[in-house]
Amino acid sequence: MEEELPLFYGESGKPVQATLSSLKMLDVGKWPIFSLCSEEELQLIRQACVFGSAGNEVLYTTVNDEIFVLGTNCCGCLGLGDVQSTIEPRRLDSLSGKKIACLSYGSGPHIVLATTEGEVFTWGHNAYSQLGNGTTNHGLVPCHISTNLSNKQVTEVACGSYHSLVLTSDGEVFAWGYNNSGQVGSGSTVNQAIPRRVTGCLQNKVVMNIACGQMCSMAVVDTGEVYVWGYNGNGQLGLGSSGNQPTPCRVAALQGIHVQKVACGYAHTLVLTDEGQVYAWGANSYGQLGTGNKSNQSYPTPVIVEKDRVIEIAACHSAHTSAAKTQGGHVYMWGQCRGQSVILPHLTHFSCTDDVFACFATPAVSWRLLSVEPDDHLTVAESLKREFDNPDTADLKFLVDGKYIYAHKVLLKIRCEHFRSSLEDHEDDIVEMSEFSYPVYRAFLEYLYTDSISLSPEEAVGLLDLATFYRENRLKKLCQQTIKQGICEENAIALLSAAVKYDAQDLEEFCFRFCINHLTVVTQTSGFAEMDHDLLKNFISKASRVGAFKN
């Protein structure tokens, strides 16, 4: 399916039609950073992640599998090779040809990205070796991380403030970066400069899901158990204590409960069970546990969202906000929401948890990589667009300038008063047309299928003639709009003449004003020299009245 986008005119004056593939549009409009993008750019976005200490950086991919970045570029986190901020999207050519499977970010910020091929790339802030490239130099461009990962396919990534985790297809977890509280899980508090497999209690376990808080790490294994390590000053490990944990430890309080997913806020933790229940623990000064109070909890505590099953939980290491989505499609939020402390799950009007973070989290960042799935369903309008000039389904063809244009009688009769009468008793399947040129008549028929036109300004003049003849007032307005967009000194007189000829008064006034504003250049064109005598006389008279010839 193809969706119509606005026309752009290149240097040659020829129209350029932007088209989309069979994908829905990704709704990113609630994030302030996207106000820097044009409507046309927004239409093409297929994946996006908003990050940074103030939500002022973004990475997104387009329908053409190109990756663009935008924003303040703190510590080179845009990966462009410099630290220059940009208010215009710039293409990240160093990842050309790569498709993003998942992405996470830290507080520096640093970026950890996994491709659909299972490769890992990192860049940005690196003071604590969180890029995993063996250095502490900030990474200005994406670096392929292969140490200890060369034969592994990474399927999930997670970042704390300054440490990084990845999960491989065989259920292993690798960690690196800042380790002051044991968040790398190595058993020490020495920073880890390259990927190291997290072992201990996870040695023979198959991990299904990972998450990071500010300085802690979590893993859910295939048996539904949760393992935790790192900082625990607010009870965010759920172990019933506040002591840090330098190696993975099972959350014993969840015995008998099968966890499917874990999500971490700045200092709090959420888990989702296979029965659709939510448990929370850790810091609660903003009500982010949803327990109805602001007391920290060092043990898992049930969160009562509603009677319906919860199917998704959401949190982000940079925020004190929590969100959940139910099987019935209801989205709830709690915790720090635009400066307020919401201590119980609050029903929102949103349809997805991402919108909670766009509108209510501080900063307004993405809690995950946003993406839109293919949608091959065609609407009625889209189906009709595809059938224009299709000889396989057409029952009528127009012969114009020796070329055929294929159409469908019933659609033409529905869409156009002229055809409703002219085709009423028409039994032939060929209509010869000599009054209009092939490009003009094809554009007219295509308009009946698509409600839009794609013509140069000069060709639009011919279509304006046809629209006037067939009394198609909406098409007439579209033609005038196209002509206005494409007017220049060289064609201004020709377009003015056409406006007068077809009694397009608004267009005539527009063309006249353009000619007056560019009078010196316009009067030197061939169009002005060949101007019709009566039109020239009227032009000079009208120009005099508006003072165009005064010194």
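Bear in mind the structure is a predicted one, so any value in this text is a computation, not a measurement.

Things to note about the packing of helix α6 (residues 438-450) against helix α7 (residues 457-470)
Here α6 crosses α7 at 60 degrees, and the two axes come no closer than 9 Å. Comparing the axis directions of α6 and α7 gives the class oblique. Our pair here, α6 against α7, has a crossing hand that is right-handed. Residues Pro439, Val440, Tyr441, Ala443 and Phe444 of α6 form the contact with α7, whose own contacting residues are Glu459, Gly462, Leu463, Leu466 and Tyr470. Grouping the amino acids of the contact of α6 with α7 by side-chain chemistry returns eight nonpolar, one polar and one charged.

Some remarks on a nonpolar patch on the surface
Taken together, the side chains of Val83, Leu140 and Val141 present a nonpolar region at the surface, about 220 Å² in accessible area. Along the chain, Leu140 turns up in strand β10 (residues 139-144). Overall, the relative accessible area of 30% leaves Leu140 in the partly exposed class.

Structural notes on the packing of aromatic side chains
Under the defined criterion, the tally for this structure stands at 21 aromatic pairs. Note on Phe419 and Phe444: the rings are 6.0 Å apart at their centroids and 25 degrees apart in plane angle, and the pair reads as stacked. Taken together, the residues Phe419 in helix α5 (residues 417-422) and Phe444 in helix α6 connect sequence positions 25 residues apart. For the pair shown, Phe419 and Phe444 are each scored as buried. Among the aromatic residues, those joined into a cluster by ring pairs are Phe398, Phe419, Phe436, Tyr441, Phe444, Phe469 and Tyr470. We note Lys397 situated over the ring of Tyr404; from NZ or CZ to the ring centre the distance is 4.6 Å. Across the ring face of Tyr447, the terminal group of Arg415 is positioned such that the distance to the ring centre comes to 6.0 Å.

Let's talk about α6
Compared with the 18 Å implied by 1.5 Å per residue over 13 residues, the 18 Å span of α6 between its first and last C-alpha is a close match. Among the 13 residues in α6, ten count as buried, and that is most of the element. Asp451, located one to two residues past α6, shows a positive phi value of around 65 degrees.

Observations concerning the sheet that holds strand β11 (residues 154-159)
Either a parallel or an antiparallel arrangement is found when strands of a sheet pair, and the pairing is made through backbone hydrogen bonds. The antiparallel open sheet is built from four strands, whose spatial order is β11-β12-β13-β14. A strand with exactly one partner marks an edge of an open sheet, and here the two such strands are β11 and β14 (192-197). Across the sheet, the axes of successive neighbouring strands diverge by a mean angle of 15 degrees, strand direction being ignored. In the sheet, β11 pairs with strand β12 (residues 163-168) via five bridges, with the strands oriented antiparallel.

A look at the environment of Gly118
Mapped onto the secondary structure, Gly118 falls in the loop between β8 (110-115) and β9 (120-124). As for Gly118 and His317, which are separated by 199 residues in sequence, their C-alpha atoms are 24 Å apart. Setting aside residues no more than four positions away along its own chain, Gly118 makes contact with Lys152, Gln153 and Val154.

A look at unusual backbone geometry
Residue Pro109 is reached from Gly108 by a cis peptide bond, and omega for that bond is 0 degrees. One can find Pro109 in the loop between β7 (100-105) and β8. In this chain, Thr362 is followed by Pro363 through a cis amide linkage whose omega measures 0 degrees. Summarising the element assignment, Pro363 is placed in the loop between α2 (353-359) and β27 (370-371). Phi at Ser129 is positive, roughly 65 degrees, even though this residue is not glycine. Turning to its location among the elements, Ser129 is positioned in the loop between β9 and β10. Relative accessible area serves as the criterion here: at 6%, Ser129 is assigned to the buried category. In this structure, Asp503 takes a positive phi of about 55 degrees despite not being glycine.

Quick look at the sheet that holds strand β30 (residues 430-433)
One open sheet holds the three strands; their spatial order is β29-β28-β30, and the pairing between them is mixed. Here the strands that pair on one side only, and so sit at the sheet edges, are β29 (403-407) and β30. Looking at each pair of strands side by side, their axes are set apart by 25 degrees on average, direction ignored. Where strand β28 (residues 396-400) meets β29, five bridges bridge the pair, whose relative direction is antiparallel.

Some thoughts on the UniProt feature "domain: BTB" (unreviewed entry) in the protein chain
UniProt annotation of "domain: BTB" (unreviewed entry) refers to residues 394-457 when read in the numbering used here. Secondary structure content for residues 394-457 is 42% helix and 22% strand, and the end C-alpha separation is 29 Å.

So, how was this worked out
Residues numbered from 1 in each chain as written. Predicted model: local features only at pLDDT ≥ 70, side-chain atom pairs only at ≥ 80, totals over all residues. Heavy atoms only, no water. Axes fitted to C-alpha atoms, helices over the stretch in contact; angles between N-to-C directions. Helix = DSSP H or I, 4+ residues; strand = E, 2+ residues; numbered from the N terminus. Parallel < 35°, antiparallel > 145°, perpendicular 65-115°, else oblique. Left-handed = near helix turned anticlockwise from the far one by under 90°. Contact = heavy atoms within 4.5 Å. Nonpolar A, V, L, I, M, F, W, Y, C, P; charged D, E, K, R; others polar. Patch = residues over 30% accessible without salt bridge, like charges linked within 9 Å, V, L, I, M, F, W, Y side chains within 5 Å. Areas by Shrake-Rupley, 256 points an atom, 1.4 Å probe, with all protein chains shown as cover. Salt bridge = Lys/Arg side-chain N within 4 Å of Asp/Glu carboxyl O. Buried < 20%, exposed > 50% of the residue type's maximum accessible area, 1.4 Å probe, protein only. Phe/Tyr/Trp six-rings, centres within 6.5 Å; stacked < 30°, edge-to-face > 60°. Lys NZ or Arg CZ within 6 Å of the ring centre and 35° of its normal. Expected span 1.5 Å × (residues − 1). Pairing = 2+ DSSP bridges. UniProt positions renumbered as here; feature names shortened; annotations may be inferred.

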